[in-house]
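Each chain, letter by letter, is given below.
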Amino acid sequence: AQSVAQPEDQVNVAEGNPLTVKCTYSVSGNPYLFWYVQYPNRGLQFLLKYITGDNLVKGSYGFEAEFNKSQTSFHLKKPSALVSDSALYFCAVRDMANAGKSTFGDGTTLTVKP
Amino acid sequence: GAGVSQSPRYKVAKRGQDVALRCDPISGHVSLFWYQQALGQGPEFLTYFQNEAQLDKSGLPSDRFFAERPEGSVSTLKIQRTQQEDSAVYLCASSLGGGVYEQYFGPGTRLTVT
């Protein structure tokens, strides 16, 4: 079975400060990892993914994430937060051996204050 | 370009009624996914199609749930004899394939069973 944990329901940061949204996962085999963002009244949008190779992946809107195999983590980061980054963020995992099924975390609400 | 569309956006059904939810994926996307999202939770996988073939239906909660994609494009999720616990947002996503490809989500259909 595969699972994702997002240990923080809410993350609050001040504009201009760095942000981290945490994600840990569990799969039987090797993982494909994804981050999605949901803005109010909008559908989920893809941010970035880790498939293989460099552990640091860069995505849309200045976001990046670091894959750590030993800690089974894939934390989302941004060096300088913007108020417009405020949204609901979801981490998702797929097992390479079961490439259709994605398992999502329960989401983390990011609030960036001016 | 056109994204994933879903209809209806909102559906109210009386307990025991049958409902049909439609998904129009992005043109050319081979894979199509259905998810159920309860309030405050992440999307839960229901089923996955590659073209017209339903490759994984392990997430369908009961035999009252049925999905089809007969021509490999539009998909319909049908729920028979709806129950109150079926109330949720039903999300459809499409992608170029499974595995490494990110998913593009529709706006969802909010189903309320009274």
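The structure reproduced in this document is the subject of the present report. Predicted model, so just to flag it, every value in this text is computed and none were measured.

A tally of helices and strands in chain A yields 0 helices and 12 strands. Taken from N to C terminus, the helices and strands of chain A fall in the order β-β-β-β-β-β-β-β-β-β-β-β. Over its C-alpha atoms chain A spans a radius of gyration of 14 Å, differing by no more than 12% from the 13 Å that the globule rule assigns to 114 residues. Seen through its C-alpha atoms, chain A measures out along the principal axes to roughly 45 × 30 × 20 Å. The buried share of chain A, taken over its 114 residues, is 47%. Sequence-distant contacts, at least 24 apart, represent 57% of the contacts inside chain A between residues at least 6 apart. Considering chain A, the positive charge centre built from 10 side chains and the negative charge centre built from 9 side chains are found 4 Å apart.

Residues and elements named next belong to chain B. Buried residues dominate strand 5 (residues 44–50), accounting for 5 of its 7 residues. In terms of strand pairing, strand 4 (residues 31–37) meets strand 5 through 6 bridges, oriented antiparallel. Of the residues in strand 5, the one forming a bridge with S31 is Q50. Strand direction decides the pairing type here: strand 5 and strand 6 (residues 53–56), joined by 3 bridges, are antiparallel. Within strand 6, the residue paired with Y48 across the bridge is D56. Count of turn residues in the strand 5/strand 6 antiparallel hairpin: 2 residues, of which N51 carries a positive phi of about 55°.

Okay, the sheet that holds strand 8 (residues 75–79) of chain B next. Residue and element names in this part refer to chain B. Across the sheet, which stays open at both edges, the 4 strands sit in the order 1-3-8-7 with antiparallel pairing between neighbours. Each edge of the open sheet is held by one strand with a lone partner, namely strand 1 (5–7) and strand 7 (65–68). Strand-to-strand twist of the sheet, defined as the mean angle between neighbouring strand axes without regard to direction, takes the value 15°.

Counting across every chain of the model gives 14 aromatic pairs over all chains. Centroid distance F33 of chain B to Y35 of chain B: 6.5 Å. Interplanar angle 25°. Geometry classified as stacked. Residue F33 of chain B is classed as buried on the basis of its relative accessible area of 0%. Given a relative accessible area of 0%, Y35 of chain B falls into the buried group. Look at Y35 of chain B and F105 of chain B: their rings are 5.7 Å apart centre to centre, the planes differ by 40°, and that puts the pair in the tilted class. Of the two residues, Y35 of chain B is situated in strand 4 and F105 of chain B in strand 10 (residues 104–105); the sequence distance between them amounts to 70 residues. In terms of burial, Y35 of chain B and F105 of chain B fall into one category: buried. For the cation-ring pair, K78 of chain A lies above F63 of chain A, with the distance from its terminal atom to the ring centre recorded as 5.0 Å.

Defined simply, a disulfide is a covalent bond joining two cysteines at their sulfur atoms. Residues and elements named next belong to chain A. On inspection of all chains with the given rule, the structure shows 2 disulfides over all chains. One disulfide in the model links C23 with C91; its S-S distance is 2.0 Å. Between C23 and C91 the disulfide shows an S-S torsion of about -60°. By sign, it is left-handed. One end of the pair, C23, is in the loop between strand 3 (19–21) and strand 4 (24–26); the other, C91, is in strand 10 (residues 87–95), and 68 residues separate them in sequence. With relative accessibility at 0%, the residue C91 sits in the buried group.

It is worth spelling out the nonpolar core at this point. If you look at the biggest cluster of nonpolar residues, it comprises 28 residues, and the most contacted ones within it are W35, L47, L48, F74, L76 and Y89 of chain A. Those elements that place two or more of their residues in this core are strand 2 (10–14), strand 3, strand 5 (31–38), strand 6 (44–50), strand 8 (64–68), strand 9 (73–78), strand 10 and strand 12 (108–113) of chain A. When residues of this core are assigned to their parent elements, the largest contribution, 4 residues, is made by strand 10 of chain A. Leave out the neighbours within four places in its chain, and L48 of chain A touches L33, F34, W35, V57, K58, G59, F63, E64, A65, F74 and L76 of chain A. Formed by 20 residues, the second largest nonpolar core is a distinct cluster that contains W34, L46, L77 and V113 of chain B.

Opposite the 19 residues of chain A that make contact, chain B presents 20 residues. Both sides together, the interface formed by chain A and chain B hides about 1500 Å², and carbon and sulfur atoms give 54% of it. Of all residues in chain A, L44, R94 and F104 of chain A bury the most surface against chain B, accounting for 30% of the area lost on that side. Where chain A meets chain B, there are 1 salt bridge. Measuring nitrogen to oxygen at the nearest pair gives 2.7 Å for the salt bridge that ties K49 of chain A to E102 of chain B. On inspection of chain A and its partner chain B, the count reaches 7 residue pairs in polar contact (both at pLDDT 80 or more). A per-element tally of the side of chain A that touches chain B places strand 11 (residues 98–104) of chain A first, with 6 residues. When grouped by side-chain class, the residues that make up the side of chain A that touches chain B number 9 nonpolar, 6 polar and 4 charged.

Calculation criteria
Residues numbered from 1 in each chain as written. Chains lettered and ligands numbered in written order. Predicted model: local features only at pLDDT ≥ 70, side-chain atom pairs only at ≥ 80, totals over all residues. Heavy atoms only, no water. Helix = DSSP H or I, 4+ residues; strand = E, 2+ residues; numbered from the N terminus. Rg over C-alpha atoms; globule rule 2.2 N^0.38 Å. Buried < 20%, exposed > 50% of the residue type's maximum accessible area, 1.4 Å probe, protein only. Contact = heavy atoms within 4.5 Å. Lys, Arg positive; Asp, Glu negative; His and termini not counted. Charge placed at Lys NZ, Arg CZ, Asp CG, Glu CD. Pairing = 2+ DSSP bridges. Axes fitted to C-alpha atoms, helices over the stretch in contact; angles between N-to-C directions. Phe/Tyr/Trp six-rings, centres within 6.5 Å; stacked < 30°, edge-to-face > 60°. Lys NZ or Arg CZ within 6 Å of the ring centre and 35° of its normal. Disulfide = S-S within 2.5 Å. Core = buried A, V, L, I, M, F, W, Y, C linked by side-chain atoms within 4.5 Å. Buried area = accessible area lost by both parts, 1.4 Å probe. Salt bridge = Lys/Arg side-chain N within 4 Å of Asp/Glu carboxyl O. Polar contact = N/O pair within 3.5 Å; in protein donor to acceptor, adjacent residues only side chain to side chain. Nonpolar A, V, L, I, M, F, W, Y, C, P; charged D, E, K, R; others polar.

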